[in-house]
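Each chain, written out:
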Amino acid sequence: MTFVQTRMSGGIDDASLAAVNEERKRLMRRRFEKIGKWLLPALVLLLSLWFWDRIVVWNEIPHYILPGPGKVWTTLVTDWGLLYDALKITFRITMLALLVAVIGGAGLAILFTQSRLFEMSLFPYAVVLQVTPIISIAPLIFIYVENKLAGLLICAWIVAFFPILSNTTLGLNSTDHNLRDLFRIYGATRWQRLVHLQLPTALPYFLGGLRIAGGLSLIGAVVAEYVAGTGGIGSGLAFTILEAGYRLNIPRMFAALLIIAGTGVFIFLTLSIISHLLLRKWHESALKQEQ
Amino acid sequence: MDDPLVVHSRLSVLPLSLSLSSIDGTPTLVDTHNQEKLLAVNSVGKVFSKGVVALEDMQLTINEGDFLSLLGPSGCGKSTILRMIAGLMEPTTGRIEWEGGVEQSNGSIGVVFQEPTLMPWATVEKNVWLPFRLQGKTMRSMRNEIDEALHLVGLDGFAGSYPRALSGGMKMRVAIARALATSPRVILMDEPFAALDEITRFKLNNDLLELKAKIGCTILFVTHSVFESVFLSDRIAVMTSRPGRVHSEIAVNEPYPRNETFRTSASYSSYCRTTSEALENSISEAV
Ligand SMILES: Nc1ncnc2c1ncn2[C@@H]1O[C@H](COP(=O)(O)OP(=O)(O)O)[C@@H](O)[C@H]1O
Ligand SMILES: [Mg+2]
């Protein structure tokens, strides 16, 4: 009844006009947000680069104390060969460590859910490894591990495996209890339950842990490099920073730092994309991104 | 539309050979269809840790082709007895006896829970495939069974969809398709439509009856709705509140197919009244 009355009194036109306006406003707001998400950080970056540059110029700071952004950029270009070699070494160790962290972390998590005894005996030590700062363990590792690469890997692994272990364990134990009952009614074996129920349930948790572990394995690799120094396997980015520091080659320090930060961002983005691709069809987290 | 008739005639022929109908301990209004007995719940009791007595001396017989509803207040042990029939739990006292034994893990029991309980990472057809998959059968070899099950619940064309794209009612249809795909001896349903809106529930009630007429399965249906139990079942077992047991049985002697006409008929209301009274008595006697 009320609808009919409003329509008769011509209220419908006002209402539809208001709706159209509202819709237009909403679209503009959304477009603004879309652009702003990229534009605003870029603006902040430009502004701080400019400010940095001005401070250096106005105060006539020599570049062996604080190089301007322009100087860092030219160093990045001229030293690219050297920096790129260092990047390859650090990146390789990071990726290897991440791989070992995935295998070790997820593998341990699966063992934990298969055997409560195993979990009870080992989990406390996983926690101890996690909470002890790597910087204090690393020197010891390099005393006993002859091979530099192995030592670096161990350090990076210690830092990176825990988020994968704890997230995956949580995921494996988060199966829906009705689904668990259903699997029992249909006589699923332990193995079938693991493969068809627990692992798919754990996947989003695992991927969350993986994204954290990616950043951590880079941190682990860099810290271990600082501790290990050079020799044997050539020098990575962290060692490049140390060495450039000894020589007061500050621009190169900045350039190497920039590359490390870039690598971290690259790893995070890559893992986020992988995660999105794997979950986009069914998981809530991916659903929100799509809209 | 012809199918139901065929099925009914087949059902009515079957029992002639075996007329050893159940000798229930319950006196009231039991109709004797002379059907073949499928399973008996024999003096079953269940005591949980901390001394919660969920069930006490429960008697129930389920016959082939039954649509039997378990009606009772919440907390009276309906889910508990269902879980024991499904083999997820052992009775503390008494026994559950299957006629001719039951092959566990063979898809001989289908279950539908209150939640659709689908695997969100799997498409509709893969969810229906699950019981077969756990028997080691490939999807290709089960193609016909899967498609047939989806067709029966009216989900043709949704095989490749993910559960999240479906409405609550459609998800429930997938769960029903999965439960019936293996042609189980009995389908256990634990308040399957309780979480749905009334319009969807009525529609699913109608479709469930149509489906049962087509395939002639046996259904044990748990509900706390008097109206739902009267509309759906040919027998209603009314349970007492905790500790639960069957207080009385009501036979709904109304022919299938039932539809909206039955829902508005005088006999429907009178059955509802009888059932309500039985439910009230069962609760007041237990207190
Ligand atoms: N695993 C359990 N441990 C202890 N008590 C339980 C357990 N499962 C059910 N109960 C208790 O048994 C009674 C019956 O539960 P349930 O069968 O779920 O009732 P209904 O399905 O009829 O609502 C309830 O009082 C409930 O608290
Ligand atoms: Mg229940």
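Please read these numbers as outputs of a predicted model, since none were measured by experiment. (Residues numbered from 1 in each chain as written. Chains lettered and ligands numbered in written order. Predicted model: local features only at pLDDT ≥ 70, side-chain atom pairs only at ≥ 80, totals over all residues. Heavy atoms only, no water.)

(A) Region of the structure containing the overall build of chain A. Looking only at helices and strands, chain A features 12 helices and zero strands. Going from N to C terminus, chain A has its helices and strands arranged as α-α-α-α-α-α-α-α-α-α-α-α. Overall size of chain A, expressed as C-alpha extent along the three principal axes, is 85 × 70 × 30 Å. Taken over 291 residues, chain A has a buried fraction of 35%. Within chain A, counting contacts between residues at least 6 apart in sequence, those at least 24 apart form 72% of the total. When the accessible area of chain A is evaluated, it comes to approximately 17,500 Å², of which 69% is carbon and sulfur surface. Charged side chains of chain A number 25 positive and 17 negative; the gap between the two group centres comes to 4 Å. (Helix = DSSP H or I, 4+ residues; strand = E, 2+ residues; numbered from the N terminus. Buried < 20%, exposed > 50% of the residue type's maximum accessible area, 1.4 Å probe, protein only. Contact = heavy atoms within 4.5 Å. Areas by Shrake-Rupley, 256 points an atom, 1.4 Å probe, with all protein chains shown as cover. Lys, Arg positive; Asp, Glu negative; His and termini not counted. Charge placed at Lys NZ, Arg CZ, Asp CG, Glu CD.)

(B) Up close: the sheet that holds strand β1 (residues 37-47) of chain B. Residue and element names in this part refer to chain B. Ordered by their spatial adjacency, three strands build an open sheet running β2-β1-β4, and the pairing between neighbours is antiparallel. Sheet topology places β2 (53-63) and β4 (93-98) at the edges, where each strand pairs with a single neighbour. Averaged over all pairs of adjacent strands, the angle between strand axes in this sheet comes to 10 degrees, irrespective of strand direction. As paired elements, β1 and β2 share seven bridges and run antiparallel to each other. Bridged to L39 within β2 is I62. Where helix α2 (residues 78-85) meets the sheet, it contacts β1, β2 and β4, and its direction lies at approximately 125 degrees from that of β1. (Pairing = 2+ DSSP bridges. Axes fitted to C-alpha atoms, helices over the stretch in contact; angles between N-to-C directions.)

(C) Local environment of the domain arrangement of chain A. Domain boundaries in chain A define domain 1 (1-60) and domain 2 (69-290). A separation of 39 Å is found between the C-alpha centroids of domain 1 of chain A and domain 2 of chain A. (Domains from an automatic or database assignment.)

(D) Looking closely at the site of ligand 1. Residue and element names in this part refer to chain B. With respect to spatial proximity, the complete set of residues near ligand 1 consists of F48, A54, S74, G75, C76, G77, K78, S79, T80 and R242. In the environment of ligand 1, an oxygen atom lies 2.9 Å from a nitrogen or oxygen atom belonging to the backbone of K78. Coverage of ligand 1 by the protein amounts to 64% of the 560 Å² it exposes when considered alone. Tallying contributions element by element places α2 first for the shell around ligand 1, with three residues. (Near = heavy atom within 4 Å. Polar contact = N/O pair within 3.5 Å; in protein donor to acceptor, adjacent residues only side chain to side chain.)

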